[in-house]
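Observations on chain architecture
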Amino acid sequence: MADATVIHDICGRLDRGEIDRDQFFEQLTRAVAELIGCTRCGVWVFVDTAEGRALRCMAMYDRRLDRIVGAADIYNADSGPYFEALVREGCVVASDARHHPATLCFVDEYL
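Here the structure is a predicted model, which is why all the values come from computation and not from measurement.

A few words on the packing of aromatic side chains. Applying the stated rule across the entire model yields 3 aromatic pairs. Between phenylalanine 46 and phenylalanine 83, the aromatic rings sit 6.5 Å apart at their centres with planes inclined by 50°, giving tilted as the arrangement. Of the two residues, phenylalanine 46 sits in strand E1 (residues 40-49) while phenylalanine 83 sits in helix H3 (residues 81-89), which places them 37 residues apart along the sequence. Take phenylalanine 46: its relative accessible area is 31%, and that puts it in the partly exposed class. Among the aromatic residues, ring-to-ring pairing joins Phe46, Tyr82 and Phe83 into one connected group.

This is the structure:
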């Protein structure tokens, strides 16, 4: 489905108990990757750790592999262009993460 109602349907299945948390995240990230035509789609949440604010990956779907893949937490999430954009906009959509202004800071260590 290339229609945003698929997200509503996935949320409804979770709400009704038809799918569990892991199935929800896999279906959600798969659907969003398809909807916007990206290679990878992830759902991340901010968490507070002893070292400071971090981003924890709840799920990362890779369309090339057609499966959920692992993604390491990102620490020091209190500053930098990515986190400023994330807090300001609520998301970062980078068609080319190696050249996007908000994601350049991850090229050497994460990408």
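Moving on, we get to the nonpolar core. By size, the foremost hydrophobic cluster in this structure holds 8 residues: Val6, Ile10, Ile19, Phe24, Phe25, Leu28, Ala31 and Ala59. Elements represented by at least two residues in this core include exactly helix H1 (5-15) and helix H2 (21-36). The greatest single-element share of this core, amounting to 4 residues, is contributed by H2. Beyond its immediate sequence surroundings of up to four residues, isoleucine 19 is in contact with Ile10, Arg13, Leu14, Phe24 and Gln27. Core analysis: the next-biggest nonpolar cluster, separate from the first, contains 6 residues, Tyr82, Phe83, Leu86 and Phe106 among them.

If you check H2, its first and last C-alpha atoms are 22 Å apart, about what 16 residues at 1.5 Å a residue would give, namely 22 Å. For H2, the complete set of buried residues consists of Phe24, Phe25, Leu28, Thr29, Ala31 and Ala33. Buried positions along H2 lie against H1, E1, strand E2 (52-62) and strand E3 (67-69). The N-capping residue of H2, defined by a side-chain oxygen 3.2 Å from the backbone nitrogen of aspartate 22, is aspartate 20. Following H2 by one or two positions, glycine 37 has its phi on the positive side, about 75°.

The rules behind the values
The written sequence of each chain sets the order in which its residues are numbered from 1. A pLDDT threshold of at least 70 governs which residues receive local features in this predicted model, and a stricter bar of 80 or more applies before side-chain atom pairs are shown or counted, although totals over entire chains, interfaces and linings include all residues. Side-chain measures were taken over the full set of non-hydrogen atoms in the model, leaving aside hydrogen atoms and water. Note on aromatic pairs: the rings of Phe, Tyr and Trp (six-membered ring only in Trp) are paired at centre separations within 6.5 Å, and the planes decide the class, stacked below 30 degrees, edge-to-face beyond 60, tilted for the rest. For the purposes of this entry, the term helix denotes a DSSP run of H or I that reaches at least four residues, the term strand denotes a run of E that reaches at least two, and both are numbered from the N terminus. For every residue, the accessible area (1.4 Å probe, protein chains only) is compared with the maximum for its type, and the residue is labelled buried under 20%, exposed over 50%, or partly exposed between those bounds. To qualify as a nonpolar core, a set must consist of buried Ala, Val, Leu, Ile, Met, Phe, Trp, Tyr and Cys residues joined through side-chain atoms within 4.5 Å. Any pair of residues with heavy atoms lying within 4.5 Å of one another is described as a contacting pair. Here the expected span of a helix is defined as 1.5 Å times the quantity of residues minus one. Throughout this description, a polar contact denotes any pair of N or O atoms lying within 3.5 Å of each other; where both atoms belong to protein, one of them has to be capable of donating a hydrogen while the other can accept it, and for residues adjacent in sequence the pair is counted only when both atoms sit in side chains.

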